[in-house]
Amino acid sequence: MGTRTRISHGVPLAPMTTLGLGGPASILVELQDSADFPEFVELAGTCAGSPVCLGSGSNVLISDLGCDSPVLRLGNRGLRIGAADAEGRVLVEVQAGHLLTDLVETAIAEGLSGMEMLAGIPGTVGATPIQNVGAYGQEVSDTLVEVRAWDWVLGHHVTLSARECGLGHRSSVFKRSRRWTLLSLVFALHRSELSAPVTYGAVAGVLDVPVGGRVPLAEAAEAVLTVRRRKGMVMGCTETDRRSVGSVFLSPEVGPADARRLEARNAPVNSFPDGSTRVSASWLIQQAGFGLNSPIVDGVRISSLHPTLVADEGASATAFREAIEIVLQHVLRCTGVRLTVEIDLLGTWHTAGGPGAPGQT
């Protein structure tokens, strides 16, 4: 392979994830240049199992047994900002291994609006369409134009439009699928000194503006970071809850009858851009009796800052998955609503349910 590509065997994957859990990769390929990707395709053809892609490891739980399939870690970085088109859109082409935080900071520095509310979200840009990453009123589906990917079924490069990506609430055609490896993405941003309207009360409160107000891009991003830090949702902002994947559970979709029943209990029930009605996963977890810092199983507890699971010293991936199931069952029993797990499972699991397929997280 190219001189900037490294192949290793039996490499521990735990240090490459934000949870710090899981076993080794039988084969790990660390690729820094997209030009070397064809050589990875050739290597993958000689291995058992479909290849999986690991970016920053911020949305994945790796089995204690590790992963027998070839693991690709994309480190291809770089972006190119085009001129504004007739519609006033500025197209930004970004390599999949580029860090999302860097893209957001660059967009703000260039006076480009469309991603300022995504400040502080960890992971690579290639991960963003996998679960239609979003926060505080913005999501990838607002700006994504197309992706360039390798299609393992067709055996060649493809370009998929945003529509073909099937973006929904934290979902896409890529979610839990190993068919594609994303290599580069194109976003459409707009030149503006001001942010998109601030739609979340917590962010508006930090800014001391009414909901719907607009502020300079950098101020909006800093307010989002402030809110995220309070929840321990910025990497490195807290020592006690640092081993986290952020939101373990999605806010689940509910039908009209359940929405009315939950609203009568003062539950946060909201409508989303994809037409779904969802109830806050955090509220459901609290209603099931899980207080902040509550232990669930050995080494796994509820965060001290936000109703989500975090790992402590002595935790294992098996224990973390057990904790997920405990929370799921308690919430269902106490609220009548079934949570949906947001994180992806990678590797070989001996428990029921089988492995999920990771995104480029």
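Residues numbered from 1 in each chain as written. Predicted model: local features only at pLDDT ≥ 70, side-chain atom pairs only at ≥ 80, totals over all residues. Heavy atoms only, no water.

Asker: Help me get a handle on the overall build of the protein, residues and values and all.
Answerer: Within the protein, the regular secondary structure consists of seven helices and 21 strands. The C-alpha atoms of the protein give 20 Å as radius of gyration, which agrees with the globular expectation for 361 residues (21 Å, within 12%). Looking at the protein residue by residue over its 361 residues, the buried ones come to 54%. Looking at the protein alone, contacts between residues at least 24 apart form 62% of all its contacts between residues at least 6 apart. Approximately 15300 Å² of the protein is accessible, and the part contributed by carbon and sulfur atoms is 50%. (Helix = DSSP H or I, 4+ residues; strand = E, 2+ residues; numbered from the N terminus. Rg over C-alpha atoms; globule rule 2.2 N^0.38 Å. Buried < 20%, exposed > 50% of the residue type's maximum accessible area, 1.4 Å probe, protein only. Contact = heavy atoms within 4.5 Å. Areas by Shrake-Rupley, 256 points an atom, 1.4 Å probe, with all protein chains shown as cover.)

Asker: So what about the UniProt feature "active site" (unreviewed entry) in the protein? Which residues, and what values?
Answerer: Per the UniProt entry, the sites bearing "active site" (unreviewed entry) are Arg170, Ser247 and Glu342 in this numbering. Taken together, the annotated residues stretch across 173 residues yet fold into one region, lying no more than 11.1 Å apart by C-alpha. A relative accessible area of 16% places Arg170 in the buried class. Excluding residues within four positions of it along the chain, Arg170 makes contact with Gln131, Asn132, Val133, Gly134, Ala135, Glu139, Lys175, Leu250 and Glu342. Counting through the fold element by element, Ser247 comes out in the loop between α4 (217–230) and β14 (249–250). Among the residues examined, Ser247 registers a relative accessible area of 32% and is labelled partly exposed. Setting aside anything within four residues of it in sequence, one finds Ser247 in contact with Met233, Thr308, Glu342 and Ile343. (UniProt positions renumbered as here; feature names shortened; annotations may be inferred.)

Asker: Can you tell me about the packing of aromatic side chains, naming the residues and giving the values?
Answerer: Tallying each qualifying case throughout the model produces seven aromatic pairs. Taking 6.0 Å as the distance between ring centres and 85° as the angle between the ring planes, the aromatic pair formed by Phe40 and Trp152 counts as edge-to-face. Taken together, the positions of Phe40 in helix α1 (residues 37–44) and Trp152 in the loop between β11 (144–151) and β12 (156–161) put the pair 112 residues apart, joining distant regions of the chain. With a centroid separation of 5.4 Å and 80° between ring planes, the pair formed by Tyr136 and Tyr200 is classed as edge-to-face. Of the two residues, Tyr136 is situated in the loop between β9 (134–135) and β10 (138–139) and Tyr200 in the loop between β13 (180–191) and α3 (201–207); the sequence distance between them amounts to 64 residues. (Phe/Tyr/Trp six-rings, centres within 6.5 Å; stacked < 30°, edge-to-face > 60°.)

Asker: Give me the lowdown on the sheet that holds strand β2 (residues 24–31), citing residues and values where you can.
Answerer: Pairing is mixed across the open sheet formed by four strands, whose spatial order is β1-β2-β5-β3. In the strand order of this sheet, the two ends are held by β1 (6–12) and β3 (52–53), each with one partner. By the bridge criterion, four bridges tie β2 to strand β5 (residues 71–74) in an arrangement that is parallel. Within the sheet, the bridge partner assigned to Glu30 lies in β5 and is Arg73. Seen against the sheet, α1 touches β1, β2 and β5 and runs at an angle of roughly 160° to β2. (Pairing = 2+ DSSP bridges. Axes fitted to C-alpha atoms, helices over the stretch in contact; angles between N-to-C directions.)

Asker: Pulling in residues and values, what's your account of the pattern of salt bridges?
Answerer: Under the defined criterion, the tally for this structure stands at 13 salt bridges. Close ionic contact of Arg229 with Glu222 constitutes a salt bridge, the shortest N to O distance being 3.3 Å. The partner of Glu253 in a salt bridge is Arg278, and the shortest N-O contact between them spans 3.9 Å. Here Glu253 is found in the loop between β14 and α5 (256–263), whereas its partner Arg278 is found in strand β16 (residues 277–279), with 25 residues between them in sequence. Look at Arg278 and you get buried, because its relative accessible area is 9%. Connected via shared salt-bridge partners are Asp85, Glu87 and Arg89. (Salt bridge = Lys/Arg side-chain N within 4 Å of Asp/Glu carboxyl O.)

Asker: I'd like a rundown of the sheet that holds strand β17 (residues 295–297), residues and numbers included.
Answerer: The strand order β17-β18-β19 describes an open sheet built from three strands, whose pairing is antiparallel. Across the chains shown, the open sheet's two edge strands, defined by having one partner strand only, are β17 and β19 (309–311). Taken pair by pair, the neighbouring strands of this sheet meet at an average axis angle of 35°, ignoring direction. Note that strand β18 (residues 300–302) and β19 share three bridges and pair antiparallel. When the bridges of β19 are listed, Arg301 appears paired with Val310.

Asker: Any chance you could break down the environment of Ala311 for me, citing the residues and the numbers?
Answerer: Within the element layout of this structure, Ala311 appears in strand β19. The buried category is assigned to Ala311, whose relative accessible area is 3%. Measuring from C-alpha to C-alpha, the distance between Ala311 and Arg243 comes to 5.3 Å, with 68 residues separating the pair along the chain. When sequence neighbours within four positions are dropped, the list of residues in contact with Ala311 reads Leu19, Leu21, Arg243, Gly299 and Phe320.

Asker: Explain the domain arrangement of the protein to me, and be specific about the residues and the numbers.
Answerer: Structurally, the protein comprises domain 1 (6–74), domain 2 (79–230) and domain 3 (249–346). Domain 2 puts nine residues into the contact, and the matching count from domain 3 is eleven residues. Counting every contact that joins domain 2 to domain 3 gives two salt bridges. One salt bridge in this structure joins Asp344 and Arg176, with 2.8 Å as the shortest N-O distance. Our count for the domain 2 to domain 3 interface comes out at seven residue pairs in polar contact (both at pLDDT 80 or more). (Domains from an automatic or database assignment. Polar contact = N/O pair within 3.5 Å; in protein donor to acceptor, adjacent residues only side chain to side chain.)

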